[in-house]
Amino acid sequence: SGERYVYVSLTDQDTVARIDSETLDIDTIAVGDQPDVLATAPGQDVAVVLNLGSSSVTILRTVNDVDTVITLPTPPHFNRLKVSPTGLHAVAWFELNSPNAGGIGSFQDVSIIDLAAGAEQVINVSVGFRPREVQFAPDGSAAWVVTEDGVSILDLDSVTVGYFARTVPLTLDPFGDGHPDEVVVAPDGEYAFARWASRAAIRAVDLDTGDIVDTPLAGAPTDLDLTPSGDRLLAVVRSQSQVVLMDVPGDIGDASALDTL
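Below is a short write-up of the structure.

Glancing now at the sheet that holds strand S13 (residues 142-147). The strand order across the open sheet formed by four strands is S12-S13-S14-S15, and the pairing between neighbours is antiparallel. In this open sheet, the two strands that pair with only one neighbour each are strand S12 (133-136) and strand S15 (166-168). Taking the axes of each pair of neighbouring strands and ignoring which way they run, one obtains an average angle of 25° across the sheet. In this sheet, strand S14 (residues 150-155) lies alongside S13 in antiparallel orientation, the contact comprising six bridges. What sits directly across from Ala 142, in S14, is Asp 155.

Structure, rendered in structure tokens:
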């Protein structure tokens, strides 16, 4: 849903249905071949849809019941999409384990979609191996791509053709440690926090220096989350019936400073 309109991808008809939430009128808009994954810009009547059959993305913008439709090429088989909180950018990528994977896409590229009216474009960027999640800074200035190699950092205000994202490893031994089960990035982009189902600790990684610090817990955390300001991390330790609170950055590495409920 957008601000007024609801957008629905109709894969078999190569169209997107636009529903007016005030009048309930429905219009269909021709897009690319096999439109599938669709997302909207927060608080705007702007929809972005990946066309799986034509390896493209269509940007729909509705103003006063009139649609502007722009279709741009992307790498083939991209099947994941996320729009920034400001609605100025979207990031698309390929995930092999996605249920709508229709072929093998790139394991090391993402597409940054510039959604600014009149300046729409797609810029392809190299990131770490097998991207699986994208998180955005609250102000939309940066995106963090969680990959098997670590966290790839996208400065959305300076991305141009040929951009290579800097990737910060989350482990010094990826073969021994395996891939983390969850990664959350602080809103200011200073730290990434990771957990493993087999490890009784929270890992903090300084995304500027690459320094890695583990903070021991009484059991393996089963969920992580950050407060909106990013000054406190919450970890659930299900095996101990605990919620652990960590002040960021003061408590990093200091298990005795943690608050346990």
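Moving on: the pairing of strand S1 (residues 5-10). With six bridges joining them, S1 and strand S2 (residues 15-20) adopt antiparallel strand pairing. For Leu 10, the partnering residue across the bridge sits in S2 and is Thr 15. In textbook terms, the turn of a hairpin is the stretch between consecutive antiparallel strands, and for S1 and S2 this stretch comprises four residues, one of which, Asp 14, has a positive phi near 55°.

Inspection of the secondary structure assignment puts Val 6 in strand S1. A residue is classified by how much of its surface remains accessible, and Val 6, at 30% relative accessible area, is partly exposed.

In this section: the pattern of salt bridges. Taken as a whole, this structure holds 14 salt bridges when the rule is applied. Salt-bridge contacts for Asp 20 lead to Arg 4; the nearest nitrogen and oxygen are separated by 2.7 Å. Taken together, the positions of Asp 20 in strand S2 and Arg 4 in the segment before S1 put the pair 16 residues apart, joining distant regions of the chain. Take Asp 20: its relative accessible area is 3%, and that puts it in the buried class. Taking relative accessible area as the criterion, Arg 4 reaches 28% and is therefore assigned partly exposed. Between Glu 95 and Arg 80 there is a salt bridge, and its shortest N-O distance comes to 2.1 Å. With Glu 95 in the loop between strand S9 (89-93) and strand S10 (109-114) and Arg 80 in strand S8 (residues 80-83), this residue pair connects regions lying 15 residues apart in the sequence. Via salt bridges that share partners, Arg 18, Asp 27, Asp 65 and Asp 67 belong to a single interconnected network.

Cut-offs used in this document
- Residues numbered from 1 in each chain as written.
- Predicted model: local features only at pLDDT ≥ 70, side-chain atom pairs only at ≥ 80, totals over all residues.
- Heavy atoms only, no water.
- Pairing = 2+ DSSP bridges.
- Helix = DSSP H or I, 4+ residues; strand = E, 2+ residues; numbered from the N terminus.
- Axes fitted to C-alpha atoms, helices over the stretch in contact; angles between N-to-C directions.
- Buried < 20%, exposed > 50% of the residue type's maximum accessible area, 1.4 Å probe, protein only.
- Salt bridge = Lys/Arg side-chain N within 4 Å of Asp/Glu carboxyl O.

All quantities given are derived from atomic positions and should not be read as evidence of function.
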